[in-house]
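# A closer look at the structure
So the chains spell out like this:
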Amino acid sequence: MQSQKKFAKAAKVCKTCKNTAVQVWQRRFAVAQSNPFTPTFGIVPPIMAGREELVEELSCAFANGLGDPNLCTILAGARGTGKTAFLSFIADEASSQGWIAAKTTAAEGMLEDILQQATWNAQSFLDNMGGRKLKGLTVGQLVGFEWENERPVAGNWRTQMNRLLEQLDEYDIGLLITVDEVKVSVDEMKQLARIYQHFVTEGRKVALLMAGLPHNVSQLLRDDDISFLRRSRKHHLGRIPDFEIREALRLTLQEGEKSMGPESLDEAVAAIDGFPYMMQLVGYCAWSEGGAEEELAPDAVRRGIARARKEMIDGVLEYTYLELSQGDKRFLGAMLQDEGESSLAVIAERMGVRSNYASQYKKRLLEQGIIGERVRGYLRFDMPVFREYLAERLQEEDELA
Ligand SMILES: Nc1ncnc2c1ncn2[C@@H]1O[C@H](COP(=O)(O)OP(=O)(O)OP(=O)(O)O)[C@@H](O)[C@H]1O
Ligand SMILES: [Mg+2]
């Protein structure tokens, strides 16, 4: 039996712009008492943990429109931190505020993709509206309008987009372009950035939200041809605080009419270690180990955590490890000797280098989301299970050497 449930953070009002449209938190989720967790890449989970401030900022930006600096935002985050899911979530939020979204991934052909998606979505959006201006109305409230404008065919990409944007403007509809997996090596990515700048100076109602792995984002921002992007809002999608993970885990279980005892919740939260993909893995595996019981037994949760750790290695850690340089490995290897946080000065000493040399590795690894620095000069592993996995891999490499 399917039932519809509301997300607990419904109808949140934004502190800055009082925009009740932040009701995007009010996601509906169909539950068939089936596993509600989503350990699959790119899927918006039924309950988003954390990220609330960022959602608020972007929601306000759609309400404020032209001139809001958040309308051009770039997100950097390690694998599995929720970049793709966040882009989709925000695209839904934009739609609920009378914007249409064109979602693409950085690759050749992306400009055509944006044009086609924008045209298609504009048509379906306008098909559903009563010929009125959209402001203050949501898609569901609009019916019966015939959209006669087909995709403009003549002219280059910019001209065609401009025509489309003009048509949208007549109905006060904005266009959000989301680009996932940004890469400076994709020429069309740079073209998009250059043309987007023209859209902005021409006063078009447009927004550009980009996401990518930290080193790809840094490279993009270093490119002199598109230095304009350096003025975009930059955010790091990092670790989510334990209390937010705990609440999201509890609520997701509740969506599926299950629960965990407080001690099991503590164990699960510790294993998740603030990492979104791991939250989905732990939840999913614990659920499937739990059988028919409403409260998942502590043993089932432990078995679930063990399975999740293994899948975390296969899905994220192996690839992350392969991207490490020898210097990165030496730096991380030097951290293994400490149980908790490691001081940068001590790491440098163990590596036999000066602190400012070790700092270069620190910067890279921080950027990649592999380590975190809560207190200045003190570092810790920021990806669940990575410490144990690294220790094993480094030992294997030593044995082979
Ligand atoms: N805020 C969140 N709270 C809970 N789970 C989340 C959150 N964001 C994403 N997830 C879940 O985490 C997993 C990874 O998300 P996603 O695919 O968006 O990551 P990503 O950063 O795009 O990874 P990649 O760099 O490999 O593309 C998915 O299972 C998704 O459902
Ligand atoms: Mg992704």
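Residues numbered from 1 in each chain as written. Chains lettered and ligands numbered in written order. Predicted model: local features only at pLDDT ≥ 70, side-chain atom pairs only at ≥ 80, totals over all residues. Heavy atoms only, no water.

So, on to the site of ligand 1. Near ligand 1 there are 23 residues, and of these Thr38, Gly42, Ile43, Lys83 and Ala85 occur at the shortest range. A distance of 3.1 Å separates an oxygen atom of ligand 1 from a polar atom in the backbone of Thr40. Between ligand 1 and the protein, one listed contact pairs an oxygen atom with a backbone N or O atom of Thr81 at 3.3 Å. About the coverage of ligand 1: the protein hides 95% of its 630 Å² of free accessible area. Mapped onto the shell around ligand 1, the elements with two or more residues apiece are helix 2 (83–96) and helix 9 (276–289). No other element matches the 4 residues that helix 9 contributes to the shell around ligand 1. Looking at the shell around ligand 1 residue by residue, the classes come out as 12 nonpolar, 8 polar and 3 charged. Each of domain 1 (3–32 + 51–236) and domain 2 (243–311) accounts for three or more of the residues forming the shell around ligand 1. (Near = heavy atom within 4 Å. Polar contact = N/O pair within 3.5 Å; in protein donor to acceptor, adjacent residues only side chain to side chain. Areas by Shrake-Rupley, 256 points an atom, 1.4 Å probe, with all protein chains shown as cover. Helix = DSSP H or I, 4+ residues; strand = E, 2+ residues; numbered from the N terminus. Nonpolar A, V, L, I, M, F, W, Y, C, P; charged D, E, K, R; others polar. Domains from an automatic or database assignment.)

Glancing now at helix 7 (residues 242–255). Three or four residues apart is the spacing at which side chains of an α-helix point the same way, because the helix has 3.6 residues per turn. Under the 1.5 Å per step criterion, the end-to-end length of helix 7 is 20 Å for 14 residues, consistent within 8% with the ideal 20 Å. Of the residues making up helix 7, those classed as buried are Glu244, Ile245, Ala248, Leu249, Leu251, Thr252, Leu253 and Glu255. Taken from the residues just after helix 7, Glu257 is the one with a positive phi, measuring 60°. (Expected span 1.5 Å × (residues − 1). Buried < 20%, exposed > 50% of the residue type's maximum accessible area, 1.4 Å probe, protein only.)

Attention now moves to the pairing of strand 6 (residues 206–212). Taking burial as the measure, the 7 residues of strand 6 include 7 buried ones, the bulk of the element. Pairing of strand 3 (residues 72–76) with strand 6 involves 5 bridges; the strand directions are parallel. Each residue of the ladder has a partner; that of Ala76, found in strand 6, is Gly212. (Pairing = 2+ DSSP bridges.)

A word on the sheet that holds strand 12 (residues 378–381). The strand order across the open sheet formed by 3 strands is 10-12-11, and the pairing between neighbours is antiparallel. Single-partner strands in this sheet number two, and they are strand 10 (342–343) and strand 11 (371–372). Sheet analysis places strand 10 next to strand 12, joined by 2 bridges and oriented antiparallel. Considered in strand 12, the bridge of Ser342 is made with Leu379.

Bringing the sheet that holds strand 7 (residues 233–236) into the picture now. If you walk across this open sheet you meet the 5 strands as 4-5-6-3-7, and the pairing is parallel. Only two strands of the sheet have a single partner each, and these edge strands are strand 4 (99–105) and strand 7. Between one strand and the next, the sheet's axes are offset by a mean angle of 15°, whatever the strand orientation. When strand 4 meets strand 5 (residues 174–180), the two strands line up parallel, connected through 7 bridges. In the strand pairing of strand 5, Lys103 is matched with Thr178. (Axes fitted to C-alpha atoms, helices over the stretch in contact; angles between N-to-C directions.)

A few words on the packing of helix 11 (residues 326–335) against helix 13 (residues 355–367). Taken N-terminus to C-terminus, the directions of helix 11 and helix 13 make an angle of 95°; their axes are 10 Å apart at the nearest point. Here helix 11 is positioned roughly perpendicular relative to helix 13, judged by the angle of their axes. Contact with helix 11, carried on its side by Gly327, Asp328, Phe331 and Leu332, involves Ala358, Tyr361, Lys362, Arg364 and Leu365 of helix 13 and no other residues of that element. Of the residues in the contact of helix 11 with helix 13, the class split is 5 nonpolar, 1 polar and 3 charged. (Parallel < 35°, antiparallel > 145°, perpendicular 65-115°, else oblique. Contact = heavy atoms within 4.5 Å.)

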